[in-house]
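# Observations on the model geometry
Here's the letter readout for the chains.
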Amino acid sequence: MNEKRYPTRRRVLARAAATAGLAFGSRALSGFPAVHAAEPVTLRIAGTGVNQFKELADKCREDLGFSVQYTSLVSDDVVKRAVTQASSFDLLDSEYWMLKKIVPSGNLRGIDTTRIKYYDQIVPIFTKGELPGGKKVAREGIAPIKVAYLTGEKATGFSAEPSQWMTVIPTVYNADTLGIRPDLIKRPIESWAELLNPEFKGKSSILNIPSIGIMDAAMVCEAQGRVKYGDKGNMTTGEIDQTIAVMTEAKKAGQFRAFWTDFNESVNLMASGETVIQSMWSPAVTAVRSKGIACTFQPLKEGYRSWASGFALSKGVTGKKAEWAYEFVNWFLSGWAGAYLNRQGYYSAVLETAKANMEPYEWAYWMEGKPAEKDIKAPDGSLLEKAGTTRDGGSYDDRMGAVACWNAVMDENDYMVRKWNEFIAA
């Protein structure tokens, strides 16, 4: 298509922004920003720690001259911070399911897509609700497209159609499943139902973040055929009761070794062998493997539970601070950060720029599901996989195409949290 003859809506908006005198917007669209050497810049980023790596902060300082001040919080506290202390952060690293709670508070400022250099290259999961090849992604739970756009910059409601204003600019996402210790289990694991198999009594664990843990529990209960859901991401009180009853029964029978709430807990449980099967995040599996310990991010026949995160602007971020924030977000999408996160086992929001910052054999292993032509190294340089191995679950399309549901906030969220806490305390 001839771009000069058939300009997209995005290009029209970009030109309008430049014409209106948005100096930063025009700069971001024409080239990579310059380093800020003349003035100290510190961006305060609050979030779960998904993107909070020292290496990213160091690279940002090298490229932009920015200092990054991280505040690491558990998921529920990210929501609390966003709703009650908007002045305590510049950028919020929010998961998409959190937006249903946060956006109505009015504490976020919509992100102007005309100021995002790589907006047109963001994977269509976030802009169209489909994979790059056109396959529609699962909509159970809060699929990103449901909460991706606002009706205006200061709106407190979501737009049903793509607009100029995004709630967050996506950064990373993944298809989550169970982690297992194949050296200790020594047989195939093919179903979520195995989490409650008495064979693993005292050796299993589930994530103790109610809004996410309940989704893993639902995958287990559905796989066992004990609960039938209309939408696992938006359960009725009856479905919640049934789910919690199944999990409480298992807990009282001694099925669970622990209930973890953060990344390091999950790594330590698996690395020590205290658990052999549990809710797990891909980078946690990477961390266990980097210790030389067998750990598999196990593909399961029922599919994956998925999640996604992105950077949101605090409502108080204006003027120069807003320019810096946009500059940082554009840098984050420009490739180095995406490649770093891909090597953690995550997926980046702009695949093209990440690919340009990875070796062909790395891209083939992490994204195409091909056998590694060379040894695969963890981000810290340690050996992760030997040549010839393939990634658990296969290619990007295989994994993201097998998502069954997304993390969510239910209409009956308060009731669900109360019942979940009763399960943990039982």
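### What to know about the sheet that holds strand S5 (residues 111-112)
Strands sit in the order S5-S7-S6 across an open sheet of three strands; the sheet is antiparallel. Of all strands in the sheet, those with a lone pairing partner are S5 and strand S6 (149-150), marking the two edges.

### Some details on helix H16 (residues 413-425)
In this model, H16 (13 residues) spans 18 Å end to end at C-alpha, consistent with the 18 Å of a helix rising 1.5 Å per residue. Among all positions of H16, only Asn413, Tyr415, Met416, Lys419, Trp420 and Phe423 are buried. An end-on view of H16 places all buried positions within 155° of arc, on one side of the element. The exposed set on the far side of H16, more than 90 degrees from its buried face, consists of Asp414 and Ala425. The inward-facing, buried residues of H16 contact helix H5 (99-102), strand S9 (204-207), helix H7 (210-223), helix H8 (237-252) and strand S10 (256-260).

### Overview of the packing of aromatic side chains
In the structure shown here, the tally under the stated rule is 19 aromatic pairs. Geometrically, the ring pair formed by Phe53 and Tyr340 is edge-to-face, given 5.3 Å between the ring centres and 65° between the ring planes. Of this pair, Phe53 sits in the loop between strand S1 (41-47) and helix H3 (54-64) while Tyr340 is found in helix H12 (residues 336-342), placing the two residues 287 residues apart along the sequence. Here Phe53 matches Tyr340 in class, with each residue buried. Taken together, the aromatic side chains of Tyr96, Phe126, Tyr173, Tyr347 and Tyr396 make up a single cluster linked through ring pairs. Lying over the aromatic face of Tyr326, Arg115 brings its terminal NZ or CZ to 4.1 Å of the ring centre.

### Comments concerning H3
Of all the positions in H3, only Leu56, Ala57, Lys59, Cys60 and Leu64 are classed as buried. Along the axis of H3, the buried residues cluster in a sector spanning 165°; they form a single face. Away from its buried face by more than 90 degrees, H3 exposes Lys54 and Glu62. Following H3 by one or two positions, Gly65 adopts a phi angle in the positive range, close to 80°.

### Focus on the confidence of the model for the chain
Across the chain, pLDDT averages 90, with 91% of residues at or above 70. With pLDDT under 50 throughout, residues 1-34 is counted as low confidence; its partners more than four residues away or in other chains account for 48 contacts.

### Details of the pairing of strand S11 (residues 277-280)
In this structure, strand S8 (residues 169-180) lies alongside S11, joined through four bridges in antiparallel fashion. Bridged to Leu178 within S11 is Ser279. The sheet contact formed by S9 and S11 spans two bridges and is parallel. Looking across to S11, one finds that Ser204 is bridged to Ile277.

### With respect to the nonpolar core
Ranked by internal contacts, the top residues of the largest apolar core, which has 100 residues, are Leu92, Ile125, Tyr173, Phe328, Tyr396, Met400 and Trp406. At nine residues, helix H11 (residues 319-333) tops the list of elements feeding residues into this core. Apart from residues no more than four positions distant in its own chain, Tyr396 is found in contact with Val123, Ile125, Leu131, Pro132, Tyr173, Tyr347, Leu351, Met367 and Gly401. If you look at the next biggest cluster of nonpolar residues, it comprises 34 residues, including Leu195, Leu196, Cys221 and Met410.

### Thoughts on the side chain of Ser395
Among the structural elements, Ser395 can be located in the loop between strand S16 (383-385) and helix H15 (396-400). By relative accessible area, Ser395 is classed as buried at 12%. Discounting chain neighbours no more than four positions away, the residues touching Ser395 are Tyr347, Met367, Glu368 and Gly369.

### Overview of the packing of H7 against H8
How two helices sit against one another is set out by the angle between their axes and by the gap between those axes. Their axes nearest at 10 Å, the elements H7 and H8 cross at an angle of 85°. Classified by the angle their axes make, H7 and H8 are roughly perpendicular. Two secondary-structure elements touch here, H7 through Ile214, Ala217, Ala218 and Cys221 and H8 through Thr243, Ile244, Val246 and Met247. Looking at the contact of H7 with H8, its residues break down into seven nonpolar, one polar and no charged.

So, how was this worked out
Residues numbered from 1 in each chain as written. Predicted model: local features only at pLDDT ≥ 70, side-chain atom pairs only at ≥ 80, totals over all residues. Heavy atoms only, no water. Pairing = 2+ DSSP bridges. Helix = DSSP H or I, 4+ residues; strand = E, 2+ residues; numbered from the N terminus. Expected span 1.5 Å × (residues − 1). Buried < 20%, exposed > 50% of the residue type's maximum accessible area, 1.4 Å probe, protein only. Arc of directions from axis to C-beta. Contact = heavy atoms within 4.5 Å. Phe/Tyr/Trp six-rings, centres within 6.5 Å; stacked < 30°, edge-to-face > 60°. Lys NZ or Arg CZ within 6 Å of the ring centre and 35° of its normal. pLDDT = per-residue confidence, 0-100. Core = buried A, V, L, I, M, F, W, Y, C linked by side-chain atoms within 4.5 Å. Axes fitted to C-alpha atoms, helices over the stretch in contact; angles between N-to-C directions. Parallel < 35°, antiparallel > 145°, perpendicular 65-115°, else oblique. Nonpolar A, V, L, I, M, F, W, Y, C, P; charged D, E, K, R; others polar.

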